Amino acid sequence: MKRVLVTGGAGFLGSHLCERLLADGHDVLCVDNYFTGTKRNVAHLMGNPMFELMRHDVTFPLYVEVDEIYNLACPASPIHYQFDPVQTTKTSVHGAINMLGLAKRVRAKILQASTSEVYGDPQIHPQTEDYWGHVNPIGLRSCYDEGKRCAETLFFDYYRQHELRIKVARIFNTYGPRMHPNDGRVVSNFIVQALRSEPITLYGDGSQTRSFCYVDDLVDGLIRLMSSADSTTGPINLGNPCEFTIAELAELVKDATNSSSPINFKPLPSDDPRQRQPNIAQARETLGWTPRIALRDGLTRTVAYFDQLLREATVA
């Protein structure tokens, strides 16, 4: 049994990670400031004596005794991270400094949840870990993109300077139950609009591509990375290499929801990447990890979650 800290633990990814860690028999400390996470996401874990929930903002130091740290704290959707861009940067940078400082003090192993957004609007396809990216440092998305890039810098500086045991995961588009219904991400947007029989908002002409990884697969990748040899620092891409156009996703969502919603085209947002597809050769070779859940199957599970959520909201 390990004592594991998960920052951002009441969020979409964090709550699933906490659930899996508890199932694996660990003592879990979930830390969240509830900017985008909610207690609802972890309410079913509260009765477990090995689970503890703490309200805390990682931009302030934290003093606890743990063996491993998963640093997931940061708003991850454009609507949320652009709401307060200065705080977003502080969460990535100050949060990384504080969690790395904690890991150094207690000699814990620490994993950084980085992002495919470090690649920006990529000029190579698919993206490999040795690609340095094509990022606008002063754009609307740069608070998130550059914040995560700086966090990676800090992790590797602590690794080189203090011999800290680090892991860096570059997470590509992930979806599943407990996504925020108003986070502006394409999967949740499409599903909510389709279930409400509203027009499905498609930005651009729909030819831009994304690769969608179901949350259970992603969590498995994170745990495999944390459990890997100390020499495996990353960064390692975690995502599903199966590529879909946004227009194809819209049709899959319509099928999964039995919706007749029309498509409403709008201009593409600033700095929105045209392509996003991970090369996961390193994850396959080093971690023995490959996503297993097909998009159609994952969408069925995600639609069921949002359908229940919307029904409860209607009753309330």
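What counts, and at which threshold
- Residues numbered from 1 in each chain as written.
- Predicted model: local features only at pLDDT ≥ 70, side-chain atom pairs only at ≥ 80, totals over all residues.
- Heavy atoms only, no water.
- Helix = DSSP H or I, 4+ residues; strand = E, 2+ residues; numbered from the N terminus.
- Rg over C-alpha atoms; globule rule 2.2 N^0.38 Å.
- Buried < 20%, exposed > 50% of the residue type's maximum accessible area, 1.4 Å probe, protein only.
- Contact = heavy atoms within 4.5 Å.
- Areas by Shrake-Rupley, 256 points an atom, 1.4 Å probe, with all protein chains shown as cover.
- Expected span 1.5 Å × (residues − 1).
- Bend = angle between axes of the 7 residues up to and from the residue.
- Pairing = 2+ DSSP bridges.
- Axes fitted to C-alpha atoms, helices over the stretch in contact; angles between N-to-C directions.
- Left-handed = near helix turned anticlockwise from the far one by under 90°.
- Nonpolar A, V, L, I, M, F, W, Y, C, P; charged D, E, K, R; others polar.
- Salt bridge = Lys/Arg side-chain N within 4 Å of Asp/Glu carboxyl O.
- Parallel < 35°, antiparallel > 145°, perpendicular 65-115°, else oblique.

Caption draft 1: Highlighting the overall build of the protein chain. When helices and strands are counted, the protein chain shows nine helices and 13 strands. In summary, the protein chain has a C-alpha radius of gyration of 19 Å against a globular reference of 20 Å for 316 residues, a match within 12%. Taken along the three principal axes of its C-alpha coordinates, the protein chain extends 55 × 45 × 40 Å. In the protein chain, which comprises 316 residues, the proportion classed as buried is 56%. Sequence separation of 24 or more characterises 81% of the internal contacts of the protein chain that already satisfy a separation of 6 or more. Summed over all atoms, the accessible surface of the protein chain reaches about 13900 Å², with 50% contributed by carbon and sulfur.

Caption draft 2: Helix α3 (residues 85-106), seen in detail. Relative to the 32 Å expected for 22 residues at 1.5 Å per residue, α3 spans 31 Å between its end C-alpha atoms, a close match to the ideal helical length. At T91, α3 shows its largest kink, close to 25°. Listing the buried residues of α3 in full gives T88, T91, S92, V93, G95, A96, N98, M99, L100, G101, L102 and A103. For α3, the elements touching its buried residues are β1 (3-7), β4 (68-71), α2 (78-81), β5 (109-115) and α4 (142-162).

Caption draft 3: Inspection of the environment of Y70 at higher detail. As for its position among the elements, Y70 is in strand β4. Each C-alpha atom of the pair Y70 and D121 lies 27 Å from the other, and the pair is 51 residues apart in sequence. Apart from residues no more than four positions distant in its own chain, Y70 is found in contact with V4, L5, V6, T7, L17, L21, L111, L222, I223 and M226.

Caption draft 4: Quick look at the sheet that holds strand β6 (residues 166-171). Read from one edge of the open sheet, seven strands run β3-β2-β1-β4-β5-β6-β11, paired in parallel fashion. Each having just a single partner strand, β3 (51-55) and β11 (236-238) make up the two edges of the open sheet. Each adjacent strand pair in this sheet contributes to an overall mean axis angle of 20°, direction not counted. Contacts from α3 reach β1, β4 and β5, with the element oriented near 175° to β4. Sitting on the sheet, helix α6 (residues 215-227) is in contact with β4, β5, β6 and β11, with an inclination near 160° to β6.

Caption draft 5: Structural view of the packing of helix α1 (residues 12-23) against α6. The interhelical angle for the contact between α1 and α6, taken along N-to-C directions, is 65°, at an axis separation of 10 Å. Judged by the twist between their axes, the crossing of α1 over α6 is right-handed. Facing α1, whose interface residues are F12, L13, H16, L17, R20 and L21, α6 presents V215, D216, L218, V219, D220 and I223. The class makeup of the residues in the contact of α1 with α6 is eight nonpolar, one polar and three charged.

Caption draft 6: Inspection of the pattern of salt bridges at higher detail. Within this structure, the stated rule accounts for 14 salt bridges. Close ionic contact of R170 with E152 constitutes a salt bridge, the shortest N to O distance being 2.7 Å. Placement of the pair is R170 in strand β6 and E152 in helix α4, with a sequence separation of 18 residues. Across the pair, exposure class does not vary: R170 and E152 are buried alike. Three or more residues are tied together by salt bridges with common partners; here these are R20, D24, D220 and R224.

Caption draft 7: Representation of helix α5 (residues 186-195) in the model. Counting buried residues along α5, nine of its ten residues qualify, which places the element largely inside the surrounding structure. Residues of α5 that are buried: V186, V187, S188, N189, F190, I191, V192, Q193 and A194.

Caption draft 8: Broad picture of the packing of helix α7 (residues 246-257) against helix α9 (residues 295-315). Put simply, α7 and α9 touch, their axes get as near as 10 Å, and they point 55° apart. In this view, α7 runs oblique relative to α9, as classed from their interaxial angle. Judged by the sense of rotation from one axis to the other, the crossing of α7 with α9 is right-handed. Contact residues: α7 offers L249, L252, V253, D255, A256 and T257, while α9 offers L295, R296, L299 and V303. Residues belonging to the contact of α7 with α9 are distributed by class as follows: seven nonpolar, one polar and two charged.

Geometry only, nothing functional implied.
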